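Letter by letter, the chains look like this.
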Amino acid sequence: MENIDKFAYEIIKEINIARTKPRKYAKLLKKIIKNFDENDLNYSEESINITTIEGIDAYEEAIEYLYNVYPKPKLNLHLSLLNIAKDYLNHAKKISYEKIFRLEINDLIEKYGTFTGNFSKLMDFGGLTAKSIVINLIVCDGNQSRDYRNLIFDENFRYIGVASEPHSEYKQFTVLMISENFKSLDSKNDIPNQISEKENEEEEDEEEEEEESEEENEKEENEKEENEKIENEKENEKIENEKENEKNEEDENEENEEDEENNKYNDDIKEEGVKSIKKIEKIKNINGKFMKVTKIIKTLDDGFVETEIFKEKI
């Protein structure tokens, strides 16, 4: 496109994808938040770590917002807004970070024309790709009012201009100007510099291919997660079975030991009229004191059963 560099064009393209297909960006953020480690986020796309202010909470809030917000119309590139963004960026590069936010834009606006309705400025520091810049603006990490997000999804805005350049301190500095209506001093700039029909078709084809690829990847990822879940369940079941088998073996051994002890007890103690005697010993906590509890169960020749219980302090 004329009068705009490729990177600025990519940013506008991503802004319009977010406006027209917010759920697509919600899915993108869902993938990104898997890379959080406390407050640190790894953008695999840029191979850099970002230390966030709010951590994963701000991203989860943005995801919920994107799933609920209605799609908005695309923004059109306006050459006057593009020039204002470029001039602002050139001024801002020469001053400190704190002063950038106090930099007036009224003189720059008057240099190119006048606006009606709302006119707003958005800035990003550090985003190295069009996607990461738009993500930063949507998430608004550290800005509880989420001003930039609200501006991006304001349906009243119709026009946009973008400028972005490398920055010695922030790696990349990006400025966006958006307006409801703008009347240029040079009337040629009032003709929206829209994408040609051919470019539109190519862009839509690319988006369709990308969406198909994302759906396929998402399907594969879901299948992988489901398979991992099944494997984990099988492994857990195996562990539980092993524990159950071990417990059964222990119980069986205890019973065998009790039977051996009772047989020995029966051999040692013979009482007239008593067919068999079973002794059970257990350690119990009674009122905070450990006691050895012995239960003697006598089976008489006539079938009656007598039980005696003895308690002994340990």
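Further up the page is the structure itself.
A.B. asks: Sorry, what's going on with the overall build of the chain here?
C.D. replies: Along the chain, the regular secondary structure elements total nine helices and 10 strands. Residue pairs at least 24 apart in sequence account for 63% of intrachain contacts in the chain once pairs closer than 6 positions are excluded. Accessible surface computed for the chain: about 20,000 Å², of which carbon and sulfur atoms make up 44%.

A.B. asks: Would you explain the packing of aromatic side chains in this entry?
C.D. replies: Each aromatic ring pair is characterised by the separation of its centres together with the angle its planes make. In total, this model carries four aromatic pairs according to the counting rule given. Consider the rings of F115 and F119, whose centres lie 5.1 Å apart with planes at 40°: the pair is tilted. Overall, the relative accessible area of 33% leaves F115 in the partly exposed class. Note on F119: relative accessible area 14%, which makes it buried. Plain terms: the ring middles of F119 and F182 are 6.3 Å apart, the flat faces sit at 50° to each other, and that makes the pair tilted. Of this pair, F119 sits in strand 5 (residues 113–125) while F182 sits in strand 7 (residues 171–184), placing them 63 residues apart in sequence. Taken together, the ring pairs connect F115, F119 and F182 into an aromatic cluster.

A.B. asks: I'm lost on the sheet that holds strand 5 in this one. Help?
C.D. replies: Neighbouring strands of a sheet are bound in pairs by backbone hydrogen bonds; such pairs are parallel or else antiparallel. As summarised here, the arrangement of the four strands in space is 4-6-7-5, forming an open sheet in which the pairing is mixed. Only two strands of the sheet have a single neighbouring strand rather than two, namely strand 4 (76–77) and strand 5. Judged from the nine bridges that link them, strand 6 (residues 159–167) and strand 7 form a sheet pairing that is antiparallel. Counted as the bridge partner of I160 is I178 from strand 7. Here helix 7 (residues 130–139) sits on the sheet and contacts strand 5 and strand 7; the angle it forms with strand 5, its principal contact strand, is near 105°.

A.B. asks: What is the right way to look at the nonpolar core in this model?
C.D. replies: As a rule of thumb, nonpolar side chains are buried together in soluble globular proteins. If you look at the biggest cluster of nonpolar residues, it comprises 59 residues, and the most contacted ones within it are I15, L29, I84, I138 and M177. The biggest single contributor to this core is helix 4 (residues 79–92), with eight residues. Among residues more than four places away in sequence, those in contact with M177 are L81, I84, A85, Y88, I105, F119, S120, K121, Y159, I160 and G161.

A.B. asks: Quick question: what am I supposed to make of the side chain of Q172 here?
C.D. replies: Mapped onto the elements, Q172 comes out in strand 7. Q172 sits in the buried class, given a relative accessible area of 11%. Of the polar contacts made by the side chain of Q172, one reaches the backbone oxygen of E165; its length is 3.4 Å. In this view, Q172 contacts F7, D124, F125, G126, G127, L128, S164, E165, P166 and H167; residues no more than four positions away in its chain are not counted.

A.B. asks: Where do I start with helix 1 (residues 6–20) in this structure?
C.D. replies: For the α-helix, the turn length of 3.6 residues means that residues three or four positions removed from each other point alike. For helix 1, built from 15 residues, the straight-helix expectation of 21 Å at 1.5 Å per residue is met to within 8% by its first-to-last C-alpha distance of 21 Å. Burial analysis of helix 1 places 11 of its 15 residues in the buried class, which makes it a mostly covered element. Turning to helix 1, its buried residues are A8, Y9, I11, I12, K13, E14, I15, N16, I17, A18 and R19. For helix 1, the capping residue at the N-terminal end is D5, with a side-chain oxygen 3.0 Å from the backbone nitrogen of F7.

A.B. asks: Please explain unusual backbone geometry as it appears in this structure.
C.D. replies: Trans peptide bonds make up most of the peptide bonds, and negative phi angles are found at most residues other than glycine. Phi at C140 is positive, roughly 55°, even though this residue is not glycine. Looking at the element boundaries, C140 is found in the loop between helix 7 and helix 8 (147–152). The phi dihedral of R146 is positive, around 55°, even though this residue is not glycine. Under the relative-accessibility criterion, R146 is labelled buried at 4%.

A.B. asks: What is the right way to read the environment of I63 from this model?
C.D. replies: Mapped onto the secondary structure, I63 falls in helix 3 (residues 56–68). Spatially, the C-alpha atoms of I63 and V139 are 8.6 Å apart, while their sequence positions differ by 76 residues. Leave out the neighbours within four places in its chain, and I63 touches A26, L29, K30 and I33.

A.B. asks: Hey, could you run me through the pattern of salt bridges in this one?
C.D. replies: Taken as a whole and assessed by the stated rule, the structure comprises four salt bridges. Between K131 and E14 there is a salt bridge, and its shortest N-O distance comes to 3.6 Å. Remark: E14 occurs in helix 1 and K131 occurs in helix 7; sequence separation between them is 117 residues. The partner of R149 in a salt bridge is E61, and the shortest N-O contact between them spans 3.2 Å. A residue pair is termed long-range when its members are at least 10 positions apart, and R149 in helix 8 and E61 in helix 3 qualify at 88 residues. The class of E61 is partly exposed, set by a relative accessible area of 33%. Residues joined in a network through salt bridges with shared partners are E61, R146 and R149.

A.B. asks: Could you clarify how one ought to interpret a nonpolar patch on the surface in this entry?
C.D. replies: A cluster of nonpolar side chains, contributed by I283, F290 and I314, occupies part of the molecular surface with about 370 Å² of accessible area. By secondary structure assignment, the location of I314 is in the segment after strand 10 (305–313). Taking relative accessible area as the criterion, I314 reaches 67% and is therefore assigned exposed.

Cut-offs used in this document
Residues numbered from 1 in each chain as written. Predicted model: local features only at pLDDT ≥ 70, side-chain atom pairs only at ≥ 80, totals over all residues. Heavy atoms only, no water. Helix = DSSP H or I, 4+ residues; strand = E, 2+ residues; numbered from the N terminus. Contact = heavy atoms within 4.5 Å. Areas by Shrake-Rupley, 256 points an atom, 1.4 Å probe, with all protein chains shown as cover. Phe/Tyr/Trp six-rings, centres within 6.5 Å; stacked < 30°, edge-to-face > 60°. Buried < 20%, exposed > 50% of the residue type's maximum accessible area, 1.4 Å probe, protein only. Pairing = 2+ DSSP bridges. Axes fitted to C-alpha atoms, helices over the stretch in contact; angles between N-to-C directions. Core = buried A, V, L, I, M, F, W, Y, C linked by side-chain atoms within 4.5 Å. Polar contact = N/O pair within 3.5 Å; in protein donor to acceptor, adjacent residues only side chain to side chain. Expected span 1.5 Å × (residues − 1). Salt bridge = Lys/Arg side-chain N within 4 Å of Asp/Glu carboxyl O. Patch = residues over 30% accessible without salt bridge, like charges linked within 9 Å, V, L, I, M, F, W, Y side chains within 5 Å.

By themselves, these observations are geometric and do not establish any function.
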